[in-house]
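Each chain, letter by letter, is given below.
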Amino acid sequence: MEAFCPPLVRAPGYKGGMEHATSRASQVASLPEPLQRLWMERLLRLAERVGASGEVPVAAVVLDGQGRAVGWGVNRREREQDPLGHAELVALARAARLLGDWRFNRCTLLVTLEPCPMCAGALVQARLGRVIHGASDPKRGALGGCLDLASHSSAHHHMEVVAGVCADQAQRQLEAWFRRRRRERRQA
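The structure reproduced in this document is the subject of the present report.

Reading guide: rules and limits
- Residues numbered from 1 in each chain as written.
- Predicted model: local features only at pLDDT ≥ 70, side-chain atom pairs only at ≥ 80, totals over all residues.
- Heavy atoms only, no water.
- Helix = DSSP H or I, 4+ residues; strand = E, 2+ residues; numbered from the N terminus.
- Buried < 20%, exposed > 50% of the residue type's maximum accessible area, 1.4 Å probe, protein only.
- Contact = heavy atoms within 4.5 Å.
- Areas by Shrake-Rupley, 256 points an atom, 1.4 Å probe, with all protein chains shown as cover.
- Arc of directions from axis to C-beta.
- Expected span 1.5 Å × (residues − 1).
- Axes fitted to C-alpha atoms, helices over the stretch in contact; angles between N-to-C directions.
- Parallel < 35°, antiparallel > 145°, perpendicular 65-115°, else oblique.
- Left-handed = near helix turned anticlockwise from the far one by under 90°.
- Nonpolar A, V, L, I, M, F, W, Y, C, P; charged D, E, K, R; others polar.
- Pairing = 2+ DSSP bridges.
- Core = buried A, V, L, I, M, F, W, Y, C linked by side-chain atoms within 4.5 Å.

### Here's the deal with the overall build of the protein
Turning to step 1, where the next piece is worked out: Within the protein one finds 5 helices and 5 strands.
Turning to step 2, where the next piece is worked out: Counting from the amino terminus, the protein carries its helices and strands in the arrangement α-β-β-α-α-β-α-β-β-α.
Turning to step 3, where the next piece is worked out: Counting only residues that meet the buried cut, the protein has 46% of its 188 residues in that class.
Turning to step 4, where the next piece is worked out: The long-range share in the protein, meaning contacts at least 24 apart out of those at least 6 apart in sequence, stands at 65%.
Turning to step 5, where the next piece is worked out: Counting only carbon and sulfur atoms, one obtains 51% of the accessible surface of the protein, whose full area is about 9,600 Å².

### A word on helix H4 (residues 117-125)
Turning to step 1, where the next piece is worked out: Here H4 has its buried residues at Cys119, Ala120, Leu123 and Val124. Across the axial projection of H4, the buried residues extend over an arc of 140 degrees, all falling on one side.
Turning to step 2, where the next piece is worked out: A positive backbone phi angle near 60 degrees is found at Arg127, which sits one or two residues after H4.

### Considerations on helix H3 (residues 87-99)
Turning to step 1, where the next piece is worked out: For H3, which comprises 13 residues, the first-to-last C-alpha distance of 18 Å matches the rise-based estimate of 18 Å (1.5 Å per residue) to within 8%.
Turning to step 2, where the next piece is worked out: With 10 of its 13 residues buried, H3 lies for the most part within the structure.
Turning to step 3, where the next piece is worked out: Of the positions making up H3, those classed as buried are Ala87, Glu88, Leu89, Val90, Ala91, Leu92, Arg94, Ala95, Leu98 and Leu99.
Turning to step 4, where the next piece is worked out: Looking at the residues trailing H3, positive phi occurs at Gly100, about 70 degrees.

### Quick look at the packing of H3 against H4
Turning to step 1, where the next piece is worked out: At a minimum axis separation of 9 Å, H3 and H4 run at an interaxial angle of 25 degrees. Taken together, the axis directions place H3 and H4 in an arrangement best described as roughly parallel. Between H3 and H4 the crossing geometry is left-handed. Here Glu88, Leu89 and Leu92 of H3 come into contact with H4, specifically with Met118, Cys119, Ala122 and Leu123.
Turning to step 2, where the next piece is worked out: Here the residues of the contact of H3 with H4 sort into 6 nonpolar, no polar and 1 charged.

### Section: the sheet that holds strand S4 (residues 130-135)
One key point about sheets: their strands pair by backbone hydrogen bonds, in either a parallel or an antiparallel sense.
Turning to step 1, where the next piece is worked out: Pairing is mixed across the open sheet formed by 5 strands, whose spatial order is S2-S1-S3-S4-S5. Each edge of the open sheet carries a strand with a single partner, namely strand S2 (69-74) and strand S5 (160-163). Averaged over all pairs of adjacent strands, the angle between their axes in this sheet comes to 15 degrees, without regard to strand direction.
Turning to step 2, where the next piece is worked out: Summarising the sheet, strand S1 (residues 59-63) and S2 pair through 5 bridges and their orientation is antiparallel. Within S2, the residue paired with Ala59 across the bridge is Val74.
Turning to step 3, where the next piece is worked out: Here helix H1 (residues 33-52) sits on the sheet in contact with S1, S2, strand S3 (108-113), S4 and S5, set at roughly 50 degrees to S3.

### Some points on the nonpolar core
Turning to step 1, where the next piece is worked out: Membership of the largest hydrophobic core comes to 46 residues, with the highest contact counts inside it found for Val62, Phe104, Leu109, Leu110 and Leu128.
Turning to step 2, where the next piece is worked out: Of all the secondary structure elements, the ones that give two or more residues to this core are H1, S1, S2, H3, S3, H4, S4 and helix H5 (167-187).
Turning to step 3, where the next piece is worked out: If we skip the residues at most four places from it in the chain, Leu110 touches Leu31, Gln36, Trp39, Met40, Leu43, Ala59, Ala60, Val61, Leu63 and Ile132.

In structure tokens form, the structure reads like this:
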């Protein structure tokens, strides 16, 4: 387990697997705005810690249909030299192992930065019900930034996207991290 993420524990009485649905995001349990902000604030604190270790400060969590965290992830590309080490993919992989399923129709993923095309494609493939993100990424974001894979006509699954939860705080965090990184590189 990563030092930045709490261990994942199966809920008492949890039998594994998820209900398979060919449904749309409308079947995803609602997540009230105060809970969205609470989860995003937790993720931003986690992202701050991972940023201090040299990774781009991005964190994600997958919530099941009952709002329980079933998968956490932080960026770990530099630490593990893994091009797939994006927070969203780490969280999805952990959730799939815990739930015993790769379909996430009734799940919500919260992430501090709008997913890139690779991650957005994985979220569509995983049939995620809803994605909630903090900072938007007009250059590389693929859920409304430079393209929108969530509603693209070629997508076999369309998920709900909620943008801008704690966006200012998430944007400031990323901008400060990149400023520090540029300054450190100039001084080296």
